[in-house]
Amino acid sequence: DADRDKGLFSTKQNMTARIKEELDRASVDEDVKAVILRIDSPGGAVTTSDIIAHEIKKFKDRKKIPVIAELMDVAASGGYYIAAASDRIIAHPTTVTGSIGVVAFSVNASGLLEKVGIANQTIKSGDKKDIGSPLRPMTADERIILQSIIDDLYERFLDIVMDGRKGSFTRDELKTIADGRVFTARQALDLKLIDEIGYLDDALEAAKSRAGIKEARLITYALPRSYRNNIYS
């Protein structure tokens with residue numbers, strides 16, 4: 001789970017390091033037959049999402065056990081990016097997911113600065129060094145450069161989803177819904193972005209079924225002294 005107050009990628013604890021540590025611990029435990037990854041995040045940095053997805057794939061290749069993604073309140077953008085790396089995606093009936101896309105925010109405050117008497121005196125080594133600066137309008141060339149970066153990262157996002165959701169849709173079909181919009185669990189199921197709507201108990205059953213076992217003991221990795229009295233802790 002992520003700290004929802006601060007987002008998956010800006011918590012005080014390094015979530016990438018924590019997930020890596022937990023996957024490493026599970027990989028050396030011969031009794032671990034499946035992993036349930038609870039995701040509750042509106043997204044965040046592209047690189048962080050990609051690293052976590054990479055670690056999940058690497059874990060699956062090494063351990064050869066199923067990873068089930070259980071989507072909580074929100075699993076959007078980077079949250080869905082990570083979920084796509086799992087073997088099966090289960091969403092709560094009230095989950096909001098999707099938001100497949102990449103965004104870079106930029107503002108032009110030059111008009112405001114001019115009104116208060118502040119002038120831009122940026123000194124730079126090259127014409128494009130201050131690209132994206134809020135102190136002046138963006139040029140047409142700069143917009144093309146930044147758009148090319150966003151497009152490249154977007155294609156990477158599509159690659160991850162296509163690889164994780166093999167056979168669910170074509171790339172062109174994915175692009176028709178990968179415009180940044182979010183979906184309810186029911187909508188996501190109809191679009192084949194997820195496999196099932198259910199609760200954590202259903203994720204447990206899916207994990208056991210995928211692992212080929214009928215009985216299992218649930219182990220929850222948690223920080224020292226944290227509350228962990230039941231599966232929702």
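Calculation rules
Residues numbered from 1 in each chain as written. Predicted model: local features only at pLDDT ≥ 70, side-chain atom pairs only at ≥ 80, totals over all residues. Heavy atoms only, no water. Salt bridge = Lys/Arg side-chain N within 4 Å of Asp/Glu carboxyl O. Helix = DSSP H or I, 4+ residues; strand = E, 2+ residues; numbered from the N terminus. Buried < 20%, exposed > 50% of the residue type's maximum accessible area, 1.4 Å probe, protein only. Axes fitted to C-alpha atoms, helices over the stretch in contact; angles between N-to-C directions. Parallel < 35°, antiparallel > 145°, perpendicular 65-115°, else oblique. Left-handed = near helix turned anticlockwise from the far one by under 90°. Contact = heavy atoms within 4.5 Å. Nonpolar A, V, L, I, M, F, W, Y, C, P; charged D, E, K, R; others polar. Core = buried A, V, L, I, M, F, W, Y, C linked by side-chain atoms within 4.5 Å. Expected span 1.5 Å × (residues − 1). Arc of directions from axis to C-beta. Pairing = 2+ DSSP bridges. Right-handed = clockwise from strand over helix to strand, strands pointing away. Phe/Tyr/Trp six-rings, centres within 6.5 Å; stacked < 30°, edge-to-face > 60°. pLDDT = per-residue confidence, 0-100.

Time to look at the pattern of salt bridges. For the structure on display, the rule yields 21 salt bridges. With a shortest N-O distance of 2.9 Å, arginine 156 and aspartate 50 are connected by a salt bridge. Pair noted here: arginine 156 is in helix H5 (residues 140-164) and aspartate 50 is in helix H2 (residues 46-63), with a separation of 106 residues, a long-range link. A salt bridge links glutamate 196 to arginine 88; its shortest N-O distance comes to 3.3 Å. Here glutamate 196 is found in strand E6 (residues 196-197), whereas its partner arginine 88 is found in strand E3 (residues 88-91), with 108 residues between them in sequence. Here arginine 88 falls in the partly exposed class, since its relative accessible area comes to 22%. One network of salt bridges, in which partners are shared, links Lys20, Asp24, Glu55, Lys58 and Arg62.

A few words now on the packing of H2 against H5. Axis separation between H2 and H5 bottoms out at 12 Å; the angle between their running directions is 25 degrees. Viewed along their axes, H2 and H5 adopt a mutual orientation that is roughly parallel. Crossing of H2 over H5 shows left-handed handedness. Residues Val46, Asp50 and Lys57 of H2 form the contact with H5, whose own contacting residues are Leu153, Arg156, Ile160 and Asp163. The residue makeup of the contact of H2 with H5, split by class, is three nonpolar, no polar and four charged.

Right, let's talk about the nonpolar core for a bit. In summary, soluble globular proteins display a tendency toward joint burial of nonpolar side chains. With 39 residues, the main nonpolar core has Leu71, Ile100, Leu174 and Leu193 as its most contacted residues. Once residues within four sequence positions are removed from consideration, leucine 71 is found in contact with Ile39, Ala83, Ile89, Ile90, Ala91, His92, Thr95, Thr97 and Ile194. Of all hydrophobic cores here, the second largest spans six residues; its members include Ile90, Leu200, Ala206 and Ala207.

This part takes up H2. Helix length check: H2, at 18 residues, gives a terminal C-alpha distance of 26 Å against a target of 26 Å (1.5 Å per residue), a fit within 8%. The complete set of buried residues in H2 reads Thr48, Ser49, Ile52, Ala53, Glu55, Ile56, Phe59, Lys60 and Lys63. Burial along H2 is one-sided: seen end-on, the buried residues are contained in an arc of 155 degrees. Exposed residues pointing more than 90 degrees away from the buried face of H2 are listed as Thr47 and Asp61. In this structure, the buried side of H2 is in contact with helix H1 (15-27), strand E1 (35-41), strand E2 (67-76) and helix H3 (78-83). Following H2 by one or two positions, lysine 64 has its phi on the positive side, about 60 degrees.

Before going further, it helps to spend a moment on the pairing of E3. Where E2 lies against E3, four bridges are found, and the strand directions are parallel. Within the sheet, the bridge partner assigned to isoleucine 68 lies in E3 and is arginine 88. Handedness of the crossover joining E2 and E3 through H3: right-handed. In the sheet, E3 pairs with E6 via two bridges, with the strands oriented parallel. If you follow isoleucine 90 over to E6, its bridge partner there is glutamate 196.

As a further point, take the packing of aromatic side chains. By the definition in use, this model includes one aromatic pair. For the pair tyrosine 81 and phenylalanine 157, a centre-to-centre distance of 4.8 Å together with 55 degrees between the ring planes defines the contact as tilted. Of this pair, tyrosine 81 sits in helix H3 while phenylalanine 157 sits in helix H5; the two residues are 76 residues apart in sequence, bridging distant segments of the chain.

This brings us to the environment of tyrosine 227. Tracing the backbone through its elements, the reader meets tyrosine 227 in the segment after helix H8 (200-211). Here tyrosine 227 falls in the exposed class, since its relative accessible area comes to 59%. On a C-alpha basis, the gap between tyrosine 227 and lysine 166 in space is 38 Å, while along the polypeptide they are 61 residues apart.

Okay, the confidence of the model for the chain next. Across the chain, the average pLDDT comes to 90, with 94% of residues at 70 or higher. Note that residues 1-11 has pLDDT below 50 and, in this model, 27 contacts with residues that lie over four places away or in other chains.

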